[in-house]
Amino acid sequence: MNANWINKVKTPFCASQRDASNQSKYTGSLTRKTLIKTALSIGAVIVASTGVGYFQLISRITAQTLTQIEKYALSRAQREEAIFSLAEDNHVILKQALLETLQEKTQDPQSKFEQLFIKMPDGTTRNHPENFEPQKIPGVFLGSNVHIDADIRRRVVAYFELLSAYGPAWRNRFVNTYMQIPENGIAIYMPSYAWTQSAPSDKSFRVTDDESFYITNKIQNPKRQTVWSGIYYDKVAKRWMASCVTPVDINGKHIATIGHDILIDELRDRAIQDALKGTYNIIFREDGRLIAHPDFMQEIQDGEGKFNISHSGNANLRNIFKLVKHKQANQVIVDDYRDNQYLAVTKIDGPNWYLVTVYPKSLLQQQAFSSARLILFLGLISLAIEIAIIFLILRRQISEPLTHMMEATETITAGELNVELDVSRQDELGHLAYLFNKMAQQLRESFQKLAKTNEELELRVEARTAELKEAKETADAANRSKSEFLANMSHELRTPLNAIIGYSEMLQEEAQDLEQEEFIPDLRKIHNAGKHLLSLINDILDLSKIEAGRMELYQETFEITTLVNEVINTIAPLAEKNHNALIVNCPERAGTMYADLTKVRQSLFNLLSNACKFTEKGKIVLTVNRYTKDNQGWIRFQVRDTGIGLTLEQQQKIFQAFTQADASTTRKYGGTGLGLAITKRFCQLMEGDISVSSTLGEGSTFIIELPTKIPESFNDATTEKIAIAESSSCQLTTILVIDDDQTIKDLIQRYLNKEGFQTIAASNGATGLSLAKEIRPDAIILDVMMPGMDGWTVLASLKADPEVANIPVIMTTIVDDKNLGYALSASDYLLKPIDRERLMAMLHKYHAAQSFKAVMMVEDNKVTSQMIGRQLEKEGWQVIQAENGRKALELLQVNTPGLIITDLMMPEMDGFEFIHILRQTPQWASIPVIVITAKEVTEEQRLQQHVYKVFEKGSYDRQALLKEVHYLLSQAVNLQKTLITTQS
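The name recorded for the chain in an unreviewed UniProt entry is histidine kinase, from Gloeocapsopsis crepidinum LEGE 06123. Quoted straight from UniProt, the Catalytic activity (unreviewed entry) entry for the chain says "ATP + protein L-histidine = ADP + protein N-phospho-L-histidine." Turning to the chain, the UniProt record has this under Subcellular location (unreviewed entry): "Membrane".

Below is the structure:
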């Protein structure tokens, strides 16, 4: 071993020596590389910081600038709109004064009119020339077409007086103040120009043709409000103006238009000249008429104020107009991404003109770039100084000590371990030199220990690997033996147990016939013990079949919605028992599945029955949905309850066989703990799975996920022989028995043959359907739980075929939960509110087979009880009243009625428990029972449509079961014969 270690240790040293001899002395400098990397790193940081700072500067400068521009635009708009707001305010005052004046002056002021005005030779009416001074009084002009009557005179004098009073007061702010007369006239105070005296005498001239009058007529201005004209160039005054006009109506008649002409030259000059550096201002109307623009003033002049932005041919200007028109109501700053500029948009109240300040984004970028450039320059200078300082430090403090250490390392690489470095430095390099010296001293010793430890470890790993392999093989063999034993023994025990149970019932009957009473108690013990053991073995058998790989799938295509409805109808009584709300979220068109219908139904039933069992006065929600995963369709069944919930530890072991939450759960709720284990095995067998999430005290959620199509598994088809047993009776009635359990078939055939029936047996649904069409039996006894095609599918096929639809069907089924068995044990049922005719029909049906006229009514609601009682008494029945099941049992001890009508939901003892006790008591077992309930018992309704009775396998002893079968068969056959006679 030592020799081998020496070879291993020498190998790396030799290789290192060869590498050292082949490699030349190093040529790189750590200091230089460090400085280069440091300079590049710091430089990159400076550049990146400058870049980030540049964008930060742009963001900050943009925010500050836009805030300033917004304030500037708002204050400027407020300043510019003052004259327009004042004009509108003046109109309100003047309009009110005019209306009051006309209301007060009703007389014809003819004399005053003639003193003030004169009709000229051209037919027009104007001021007396010798008395007219435009600086003091207003001028009046009436066209030659105006008919001057009392109303005209009264109105013109009123206009004259009001303008004389208000015109001089407003002359400093407005060019003029006027009132247009709709009949073709005007009264105007214009101190700068005698407009009325210079007005044309041509008959074609009409004052009302002006735009300022046109926009106030009722068609253009139906709301009769103050409006603004477009800008126009007054050739007389040689100024650009805009008119503010307000219509005045009395009793719906337009009598005047009040107006102000406002000079806008100064406004336009300020907009063009008074702009922020690098920006420009524009003004335009809502309809796109351009009022002021530094590049389009000549176009505006040529178009006489009607130049429109849409005709400008300027894409930037059209884009500005579009953005302004589509901005939000209170938005001032608009980002013009296309033209790389900001728009500060405000509105001049009054004429509603847009005042827009255009701010190019390049101004912001220039400011940010100048600042970033200065930052970058200072950063590069700082970098150069830092690099110089770092170079001096690295050379003295790091580079020289590392050179000495490198030389020492090369010595050790050459195989010489007696090397020592200077350890006088009191820093990291000094400590590193100390550790280097210590390493050289301990290196050989460490190599020796390492080699020894490595060899020992290899031996231990080999031994442990052998032990684990042997233990795994032993565990696998034991597991296989256990699975095979359970699968084989459970299956072998089930068959004789079925025979033991069946023949123990027969022996009890024969013992009674032979009057050997001493054997009956022992036979009953055998019968009861066998039934209990069989129920446990059945669960173990399913589990062992799965583990042994013997569980087969009977796949078929079925509707998911139909499956969900069937399970919900079956589970509804269990939910009602604990006062739980059952909610179903399933699409109407959930589609189909290709799987084992029986196992899917059993798995879903197990989850819902557990939820009902562990939840009281809560809510149970079943949610069904489809989804796709890995290009394959899947279906998810989610059952969520608000029950007792599970701890994390309980969730981890809930799917283990023979396991429940804890011992207290088993004592309180019962059960073997196999349900969820079998459900998980079923899901895995169908290439799916089940999972759980829960919170203690809040509830649990179980989720089953299955593929919508499970690959077809191969099952050998077997041809079953049909056993036909002939009876010695001369009058035979044919009964078809469809059941996969051979023992049950033998027992039913034996008893029915003894009672005079001819029986034909079938072991599966497909064979049963074929026989039903071939032999047309008088009645059918049908098992519910069968592989492949179950009883519900057979029943649906029978009732869908007109040839066999009228054959009575008696169904046998296994019902695990006793309350569900109670709900399915009634002879008939009614829903509240009670249909009187249907109730009477049921009573007469059962009255035909009974000799009594007494009816017991079990109902806790007094109103319902009295109502039904009166109906029964009217029909001649004697009624016995009981308020609940317990009271009804007491009354039955005294008086046995011919019929019992009972509610399901009652205090103390409900209808489920009452019917169960009734059927277990021999002297009351044959009394027909009609169930009334306020809730649809959907499963019962389904059975009532097509089935005469439902039995629970194992819930009756043999004599009671066969007696009930004989009774119902007799009724079914008689009814069938009656129908045939009636039809013929």
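A. Summary view of the overall build of the chain. A tally of regular secondary structure across the chain gives 28 helices and 32 strands. Counting the 984 residues in the chain, one finds 45% classified as buried. The long-range share in the chain, meaning contacts at least 24 apart out of those at least 6 apart in sequence, stands at 67%. Put simply, the chain shows about 52,600 Å² of open surface, and 53% of that area lies on carbon and sulfur atoms.

B. Quick peek at a nonpolar patch on the surface. A cluster of nonpolar side chains, Leu374, Phe377, Leu378, Ile381, Ile385, Ile389 and Ile393, forms an exposed patch at the surface whose accessible area comes to about 690 Å². On the secondary structure map, Ile381 appears in helix 11 (residues 361–413).

C. Representation of the environment of Thr679. Within the fold, Thr679 resides in helix 18 (residues 675–685). Sequence-wise, Thr679 and Gln602 are 77 residues apart; in three dimensions their C-alpha atoms are separated by 7.7 Å. Those residues in contact with Thr679, other than ones at most four positions away along the chain, are Ser603, Asn606, Ile690 and Ile704.

D. Summary view of the sheet that holds strand 21 (residues 699–707). Spatial strand order, 16-18-19-21-20: five strands in an open sheet with mixed pairing. Each edge of the open sheet is held by one strand with a lone partner, namely strand 16 (581–585) and strand 20 (689–695). Ignoring which end each strand starts from, the neighbouring axes of this sheet average 15° apart. Sitting on the sheet, helix 14 (residues 560–577) is in contact with strand 16, strand 18 (619–629) and strand 19 (632–641), with an inclination near 175° to strand 16.

E. The pattern of salt bridges, seen in detail. In this structure the tally under the stated criterion is 27 salt bridges. When the shortest N-O distance is used, the salt bridge between Arg289 and Asp287 registers 4.0 Å. The class of Arg289 is buried, set by a relative accessible area of 17%. With relative accessibility at 39%, the residue Asp287 sits in the partly exposed group.

F. Representation of the pairing of strand 5 (residues 185–189). With five of five residues buried, strand 5 is to be regarded as a mostly interior element. Burial along strand 5 is two-sided: Gly185, Ala187 and Tyr189 and Ile186 and Ile188, pointing in opposite directions, are all buried. As defined by bridge partners, strand 3 (residues 139–142) adjoins strand 5 across four bridges and the pair is classed as antiparallel. Its bridge partner being in strand 5, Gly139 is matched across the sheet by Ile188. Relative to strand 5, strand 4 (residues 176–181) runs antiparallel, the two sharing five bridges. Paired with Met179 across the bridge in strand 5 is Ala187. Counting the residues between successive antiparallel strands, the hairpin from strand 4 to strand 5 contains three residues, one of them, Asn184, with a positive phi of roughly 95°.

G. Looking closely at the packing of aromatic side chains. Taken as a whole, this structure holds 12 aromatic pairs when the rule is applied. Ring geometry for Phe655 and Phe702: centres 6.2 Å apart, planes at 90°, overall edge-to-face. With a gap of 47 residues between them, Phe655 in the loop between helix 16 (648–653) and helix 17 (663–669) and Phe702 in strand 21 connect regions that are remote in the sequence. Here Phe655 and Phe702 have matching classes, each one buried. Among the aromatic residues, those joined into a ring-pair cluster are Phe84, Trp228 and Trp353. Between Lys361 and the ring centre of Tyr342, over which it is positioned, the NZ or CZ distance is 4.9 Å. Its guanidinium or amino end placed over the ring of Phe682, Lys599 lies 5.6 Å from that ring's centre, counting from NZ or CZ.

H. Layout of the packing of helix 20 (residues 765–775) against helix 21 (residues 791–800). At a minimum axis distance of 10 Å, the contact between helix 20 and helix 21 shows a crossing angle of 20°. One finds that helix 20 runs roughly parallel with respect to helix 21. Between helix 20 and helix 21 lies a crossing of right-handed hand. Where helix 20 abuts helix 21, its residues Gly765, Leu769 and Ala772 lie against Val794, Ser797 and Leu798. Its residues assigned to classes, the contact of helix 20 with helix 21 shows four nonpolar, two polar and no charged.

I. Broad picture of helix 26 (residues 911–920). Within helix 26, the full set of buried residues consists of Gly911, Phe912, Phe914, Ile915, Leu918 and Arg919. One side of helix 26 holds all its buried residues, which, seen down the axis, span an arc of 165°.

J. Region of the structure containing the nonpolar core. Counting 61 residues, the largest nonpolar core has Leu98, Phe284, Trp353 and Val356 as its most contacted members. Non-local contacts of Phe284, meaning those with residues more than four positions away in its chain, are made with Arg289, Leu290, Ile291, Ile309, Phe321, Val324, Trp353, Tyr354 and Val356. Counting 42 residues, the second-largest nonpolar core is a separate cluster that includes Ala575, Val624, Phe655 and Phe702.

What counts, and where the lines are drawn
Residues numbered from 1 in each chain as written. Predicted model: local features only at pLDDT ≥ 70, side-chain atom pairs only at ≥ 80, totals over all residues. Heavy atoms only, no water. UniProt positions renumbered as here; feature names shortened; annotations may be inferred. Helix = DSSP H or I, 4+ residues; strand = E, 2+ residues; numbered from the N terminus. Buried < 20%, exposed > 50% of the residue type's maximum accessible area, 1.4 Å probe, protein only. Contact = heavy atoms within 4.5 Å. Areas by Shrake-Rupley, 256 points an atom, 1.4 Å probe, with all protein chains shown as cover. Patch = residues over 30% accessible without salt bridge, like charges linked within 9 Å, V, L, I, M, F, W, Y side chains within 5 Å. Salt bridge = Lys/Arg side-chain N within 4 Å of Asp/Glu carboxyl O. Pairing = 2+ DSSP bridges. Axes fitted to C-alpha atoms, helices over the stretch in contact; angles between N-to-C directions. Phe/Tyr/Trp six-rings, centres within 6.5 Å; stacked < 30°, edge-to-face > 60°. Lys NZ or Arg CZ within 6 Å of the ring centre and 35° of its normal. Parallel < 35°, antiparallel > 145°, perpendicular 65-115°, else oblique. Left-handed = near helix turned anticlockwise from the far one by under 90°. Nonpolar A, V, L, I, M, F, W, Y, C, P; charged D, E, K, R; others polar. Arc of directions from axis to C-beta. Core = buried A, V, L, I, M, F, W, Y, C linked by side-chain atoms within 4.5 Å.

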